[in-house]
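Each chain is listed here by its residues.
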Amino acid sequence: MASTGTGLETLADDPRYQRLVRRRGRLSWLLTGLMLVTYLGFILLVAFAKPLLAQPIAGGATTLGIPLGLGVIAVAILLTGFYVRRANAEFDHDVAALAGEHRP
């Protein structure tokens, strides 16, 4: 039976689009996993290694926990930036090209 669907339906059936969705999904899950490991690692340190986190840095008032907590925030920002850059450079361009081919 010939496809009588809209442009979006034919786009969703395109193997190149399906491959793109799988690649984007794998990247999303990978970055999500990295963030979860980072956050869980910090939480486990807070729960089980309080003396380590309470150690002052260079004899000052700042403890090791402060830069590690800021590091968790920095990792989240970096992973988000990486995904946005990759999406803008690759995924969005590829989707736009495929959508142009499938316009009704």
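Going by the structure above, here's the rest.
Residues numbered from 1 in each chain as written. Predicted model: local features only at pLDDT ≥ 70, side-chain atom pairs only at ≥ 80, totals over all residues. Heavy atoms only, no water.

1. Describing the overall build of the protein
Secondary structure summary: the protein contains 4 helices and 0 strands in total. Secondary structure elements of the protein, listed N to C terminal, follow the sequence α-α-α-α. The C-alpha atoms of the protein give 22 Å as radius of gyration, which overshoots the globular expectation for 104 residues (13 Å, by more than 25%). The buried share among the 104 residues of the protein stands at 16%. Contacts in the protein between residues at least 24 apart in sequence constitute 63% of all its contacts with a sequence separation of at least 6. Positive and negative charge centroids in the protein, built from 10 and 7 side chains respectively, lie 11 Å apart. (Helix = DSSP H or I, 4+ residues; strand = E, 2+ residues; numbered from the N terminus. Rg over C-alpha atoms; globule rule 2.2 N^0.38 Å. Buried < 20%, exposed > 50% of the residue type's maximum accessible area, 1.4 Å probe, protein only. Contact = heavy atoms within 4.5 Å. Lys, Arg positive; Asp, Glu negative; His and termini not counted. Charge placed at Lys NZ, Arg CZ, Asp CG, Glu CD.)

2. Some thoughts on helix H4 (residues 65–101)
Over its 37 residues, H4 extends 53 Å from the first C-alpha to the last, a length consistent with the 54 Å expected when each residue adds 1.5 Å. Every buried residue belonging to H4 is among Gly65, Gly69, Val72, Leu79, Ala87, Phe91 and Leu98, and all of these are buried. (Expected span 1.5 Å × (residues − 1).)

3. Description of the pattern of salt bridges
Within this structure, the stated rule accounts for 3 salt bridges. With a closest N to O distance of 2.0 Å, Arg23 and Glu90 form a salt bridge. Placement of the pair is Arg23 in helix H2 (residues 15–48) and Glu90 in helix H4, with a sequence separation of 67 residues. For Arg23, the salt bridge identified is with Asp94, shortest N-O distance 3.9 Å. Taken together, the positions of Arg23 in helix H2 and Asp94 in helix H4 put the pair 71 residues apart, joining distant regions of the chain. With a relative accessible area of 28%, Arg23 lands in the partly exposed category. Three or more residues joined by partner-sharing salt bridges are found here, namely Arg23, Arg86, Glu90 and Asp94. (Salt bridge = Lys/Arg side-chain N within 4 Å of Asp/Glu carboxyl O.)

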